[in-house]
Amino acid sequence: MYFDPRDKEYPLKNDPLTTLVVPGPIGWISTINRNGIVNLAPYSFFNAVASRPPFVMFSSAGRKHSQTNAEQSGEFVHSLTTWELREQMSITSAEVGVDVSEADIAHLEMAPSIGVKPPRVKRSPVAFECKYVQTVELPATDGKANPYSIVIGQVIGIYIADEVIIDGKVDLTSERAIARLGGLDQYTSVDHVFKMKRPG
């Protein structure tokens, strides 16, 4: 099979992109709006894009609360999604008004960050405190407007729970970080790790 993904109709039942680019890290992004309300939402398009200094990005389909808040406040936080928090993560994907905190709906306790105002998910073992850098619009190849844009932030602080630091290294196998697979309801958990030596 070969097809042009720019076509409006796909030859498969669902958009195959999210099935083919796997596993997809989930950006669990917390922000604060101008009224002081904490917004918490998961993003399927998320990743680290540099290491020294570290930068991360998340992509928003349309101008959602996380993007607007990050641009206005200049800050956001990513909390790692784990097997234990899978149901709460799903709840925070609900579309609610700007005056509603998804963290409250999911009954999630938030913990203060150190370098930024948005809080982290307290039960998450890892959080990145980020300063907003820029938004990159994604125009289509035909020049037409595209609803997607990339929000980029520099990581200025990293929280790691003591229990996942073993012999001076981070070991997240016990936490079973989760990631997106294809479709709207398919996920996987990271619970098997193997090592391979790189060529010298």
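Look a little higher up for the structure.
What you see is a predicted model, and the numbers here were worked out from it, not measured in a lab.

> Whenever I open this one, the sheet that holds strand S6 (residues 75-79) confuses me. Can you help?
Backbone-to-backbone hydrogen bonds join strands into a sheet, with any given pair of strands oriented parallel or antiparallel. Taking strand neighbours across the sheet as the criterion, the seven strands line up as S3-S2-S6-S9-S10-S5-S4 in an open arrangement whose pairing is antiparallel. In this open sheet, the two edge strands, each paired with only one partner strand, are strand S3 (38-43) and strand S4 (46-51). The average angle at which neighbouring strand axes cross in this sheet is 35°, direction not considered. Alignment of strand S9 (residues 126-137) against strand S10 (residues 148-160), held across 11 bridges, turns out to be antiparallel. Among the inter-strand pairings, Glu129 is bridged to a residue of S10, identified as Gly157. Most of the contacts of helix H2 (residues 65-73) go to strand S2 (residues 27-32), to which it runs at about 50°, and overall it touches S2, S3, strand S5 (54-61), S6, S9 and S10.

> What is the right way to look at empty space enclosed by the protein in this model?
In this approach, a probe sized like a water molecule rolls over the atoms, and the result shows the empty space that is left. Applying the stated criterion across every chain yields a total of one cavity of 30 Å³ or more. Quantified by volume, the largest cavity comes out at close to 40 Å³. Forming the boundary of the largest cavity are Asn33, Ile37, Val38, Asn39, His65, Asn69, Val98 and Val100. If you list the elements that add at least two residues to the lining of the largest cavity, you get S3 and H2.

> Explanation requested: a nonpolar patch on the surface in the structure shown.
A cluster of nonpolar residues, Leu17, Leu20, Val21, Phe45, Leu138 and Tyr148, forms a patch on the protein surface that exposes about 540 Å² of accessible area. Tracing the backbone through its elements, the reader meets Val21 in the loop between helix H1 (17-20) and strand S1 (24-25).

> Sorry if this is basic, but what is going on with the packing of aromatic side chains here?
Using the criterion set out here, one finds three aromatic pairs in the structure. The interplanar angle of 80° and the centroid separation of 5.3 Å between the aromatic rings of Phe58 and Phe76 together place this pair among those described as edge-to-face. Taken together, the positions of Phe58 in strand S5 and Phe76 in strand S6 put the pair 18 residues apart, joining distant regions of the chain. A residue is classified by how much of its surface remains accessible, and Phe76, at 0% relative accessible area, is buried.

Calculation rules
- Residues numbered from 1 in each chain as written.
- Predicted model: local features only at pLDDT ≥ 70, side-chain atom pairs only at ≥ 80, totals over all residues.
- Heavy atoms only, no water.
- Pairing = 2+ DSSP bridges.
- Helix = DSSP H or I, 4+ residues; strand = E, 2+ residues; numbered from the N terminus.
- Axes fitted to C-alpha atoms, helices over the stretch in contact; angles between N-to-C directions.
- Contact = heavy atoms within 4.5 Å.
- 1 Å grid on protein atoms, 1.4 Å probe; cavity = no way out; pocket = protein on both sides within 12 Å on 5 of 7 lines; lining within 4 Å.
- Points joined across faces, edges and corners; volume = space filled by probe spheres on them.
- Patch = residues over 30% accessible without salt bridge, like charges linked within 9 Å, V, L, I, M, F, W, Y side chains within 5 Å.
- Areas by Shrake-Rupley, 256 points an atom, 1.4 Å probe, with all protein chains shown as cover.
- Salt bridge = Lys/Arg side-chain N within 4 Å of Asp/Glu carboxyl O.
- Phe/Tyr/Trp six-rings, centres within 6.5 Å; stacked < 30°, edge-to-face > 60°.
- Buried < 20%, exposed > 50% of the residue type's maximum accessible area, 1.4 Å probe, protein only.

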